[in-house]
Amino acid sequence: MSIFSKLNEAVTFAHSHPEEVMVWAEDKDQNYDLELFKNNFVGDVSILLTAADVCMGDWELNSSGHIVEKDFSMIDGYWNKFIYAFKAKTFLTLLDEEGHINFSQAPHLDIRGLPVPRKFENAVPALFLDRDGIIIHDTGYVHKKEDVHLYEDVIPLIQFANRKGWKVCCLTNQAGVAYGKFGIEEVDALHQHIDELLRKEGALIDGWYACPYVRSSKSISSFNFDSIRRKPNPGLLLDACDHFSIDVKKSYMIGDKESDVLGMKGPEYLLVRRQYDLASAQAPIFSSLAEIQDYISKK
Ligand SMILES: [Mg+2]
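Cut-offs and rules
Residues numbered from 1 in each chain as written. Predicted model: local features only at pLDDT ≥ 70, side-chain atom pairs only at ≥ 80, totals over all residues. Pairing = 2+ DSSP bridges. Helix = DSSP H or I, 4+ residues; strand = E, 2+ residues; numbered from the N terminus. Core = buried A, V, L, I, M, F, W, Y, C linked by C-beta atoms within 7 Å. Buried ≥ 20, exposed ≤ 12 C-beta atoms within 10 Å, placed from the backbone. Contact = placed C-beta atoms within 7 Å. Right-handed = clockwise from strand over helix to strand, strands pointing away. Arc of directions from axis to C-beta. Axes fitted to C-alpha atoms, helices over the stretch in contact; angles between N-to-C directions. Parallel < 35°, antiparallel > 145°, perpendicular 65-115°, else oblique. Left-handed = near helix turned anticlockwise from the far one by under 90°. Nonpolar A, V, L, I, M, F, W, Y, C, P; charged D, E, K, R; others polar.

### Looking at the sheet that holds strand E7 (residues 207–211)
Taken in spatial order, the 6 strands line up as E7-E6-E5-E8-E9-E10 in an open sheet, and their pairing is parallel. For this open sheet the edge positions go to E7 and strand E10 (285–286), each flanked by a neighbour on one side alone. Where strand E5 (residues 126–129) and strand E6 (residues 167–173) come together, 4 bridges link them in parallel fashion. Note on E6: the bridge partner recorded for Leu-127 is Val-168.

This is the structure:
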């Protein structure tokens, strides 16, 4: 595998090897947690620290242009969504006259500024909701139906988004799975239950996304990972974007912890003050979901 430390070296290579597969990864300042990647990657790859991270390897692509997952056999099989591979000649079409990667000119880019193989049409805004402390009361590792207590003002908020045709997605860290307190099946069953309660009220959640992984001495081994899905990493949100055509820049992420402000530009982050310290929160803080609904509806 060849690694290019400078973009112009990669460009020179691409010109002379148009059919080679190149791999591009985004750096931390551009929403991608490079350190996490480096610490977890299993395999023969190095990446650069500039926005134009380019390396080249002996990769296989699947029919949609993603790197096949077996090349990324680490953590929860997510990396292929952050790293795109394409033929060198395609890479060259993203470069402007000065040799910079010009994403504004590139067709079919995703929210990470990377080329997307699939069509991305009719995108709608999304309302991304944390679960505990936003949809239901956070009484600590909730996993039993009898412990589910909906926030009253989450119902009109979801209905508001439903009426506007937005997608509503729940993004939740579920460390209790890693700690062996309950299984992922119980998380899924609980989400079905919450779904039913909300539907009875005429409020529809389009997608449920949970991260069971935590790197911790308390975690059982099969869940003891740094996951790109664990908030504040953006993986759960990106999962939703893989399932639905979402206009991220017109979307909102609402949570009650500083970790609900994800390491990703795009959505507007809004926090509700519950029992957590928000002293260094990088987002506006509201006292209720009703107040947030009022704020969003006036925009
Ligand atoms: Mg919460």
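### Remarks on the nonpolar core
Residues Leu-127, Phe-128, Leu-129, Val-168, Leu-237, Ala-240 and Ile-254 are the most contacted members of the largest nonpolar core, which totals 47 residues. Counting residues per element, this core draws most heavily on helix H7 (residues 235–243), which supplies 5 residues. Non-local contacts of Val-168, meaning those with residues more than four positions away in its chain, are made with Leu-127, Leu-129, Ile-158, Ala-161, Asn-162, Leu-204, Ile-205 and Asp-206.

### Points about the pairing of E6
Counting buried residues along E6, 7 of its 7 residues qualify, which places the element largely inside the surrounding structure. Along E6, one buried face is formed by Lys-167, Cys-169, Leu-171 and Asn-173 and the opposite face, lined by Val-168, Cys-170 and Thr-172, is buried too. With helix H4 (residues 154–164) bridging E5 and its parallel neighbour E6, the resulting β-α-β unit is right-handed. Note: E6 against E7, 5 bridges, orientation parallel.

### Quick look at unusual backbone geometry
Here the amide bond leading from Lys-231 into Pro-232 is cis, since omega sits at 15°, within 30 degrees of zero. Locating Pro-232 in the fold gives a position in the loop between E7 and H7. The phi dihedral of Tyr-141 is positive, around 50°, even though this residue is not glycine. Inspection of the secondary structure assignment puts Tyr-141 in the loop between E5 and H4.

### Comments concerning helix H8 (residues 289–297)
Buried within H8 are the following residues: Leu-289, Ile-292 and Gln-293. Looking straight down H8, one finds that the buried residues subtend no more than 100° of arc, so they occupy a single side. In this structure, the buried side of H8 is in contact with H4, strand E8 (252–255), strand E9 (268–272) and E10.

### Notes on H4
Residues of H4 that are buried include every one of Val-154, Leu-157, Ile-158 and Ala-161, and no others. Buried residues along H4 cover an arc of 95° about the axis, so they all sit on one side. On its buried face, H4 is in contact with E5, E6, helix H6 (184–200) and H8.

### Here's the deal with the packing of H4 against H8
At a minimum axis separation of 8 Å, H4 and H8 run at an interaxial angle of 25°. Accordingly, the angle class assigned to the pair H4 and H8 is roughly parallel. Note that H4 runs across H8; the crossing there is left-handed. Along the contact surface, H4 presents Val-154, Pro-156, Leu-157 and Phe-160, while H8 presents Leu-289, Ile-292, Gln-293 and Ser-297. Residue composition of the contact of H4 with H8, by class: 6 nonpolar, 2 polar and no charged.

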